[in-house]
Amino acid sequence: IGKKVERKAKRLTPVDHGVLRNSITTELIIRRGPVARIGTKVKYALAVHNGTGIYGPKGVPITPKRGKVLVFTSRKTNQLVFARSVKGMKGTPYLRNALIAVVGAM
């Protein structure tokens, strides 16, 4: 079941360069019975799963920690963008959705 959830999670993971998708693994742990731990050690995985900014757990826009504006390169126009704040990104709960798809709603 753990490997099925891992495969489904990999299919549901959003892909930019494939690092997150390729890092998802399953580990078998023996406690009172066998338990599968499916996850990743990629630092940004939780942000992709849960969302950021207004879409994330805190529900507030992303603002600069130092300075007055955020500076980044737009993926759409490939130009520098200067912004006082950004909304963030919606989460893609690939692990939760994979678990529900394989095991069923809990």
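A short tour of the structure in this document, coming up. Please read these numbers as outputs of a predicted model, since none were measured by experiment.

1. Section: helix 1 (residues 2–12)
Phase 1: Among the residues making up helix 1, those that are buried are G2, V5, E6 and A9. Looking straight down helix 1, one finds its buried side chains confined to an arc of 100°; they lie on one side.
Phase 2: Looking at the buried residues of helix 1, the elements they touch are strand 1 (25–30), strand 2 (34–39) and helix 4 (94–103).

2. Some thoughts on the environment of E27
Phase 1: Mapped onto the elements, E27 comes out in strand 1.
Phase 2: Along the primary structure E27 and V103 are separated by 76 residues, whereas in three dimensions their C-alpha atoms are 17 Å apart.
Phase 3: Look past the residues within four positions of E27 in its chain and what remains in contact with it is V35, A36 and R37.

The rules behind the values
- Residues numbered from 1 in each chain as written.
- Predicted model: local features only at pLDDT ≥ 70, side-chain atom pairs only at ≥ 80, totals over all residues.
- Heavy atoms only, no water.
- Buried < 20%, exposed > 50% of the residue type's maximum accessible area, 1.4 Å probe, protein only.
- Helix = DSSP H or I, 4+ residues; strand = E, 2+ residues; numbered from the N terminus.
- Arc of directions from axis to C-beta.
- Contact = heavy atoms within 4.5 Å.

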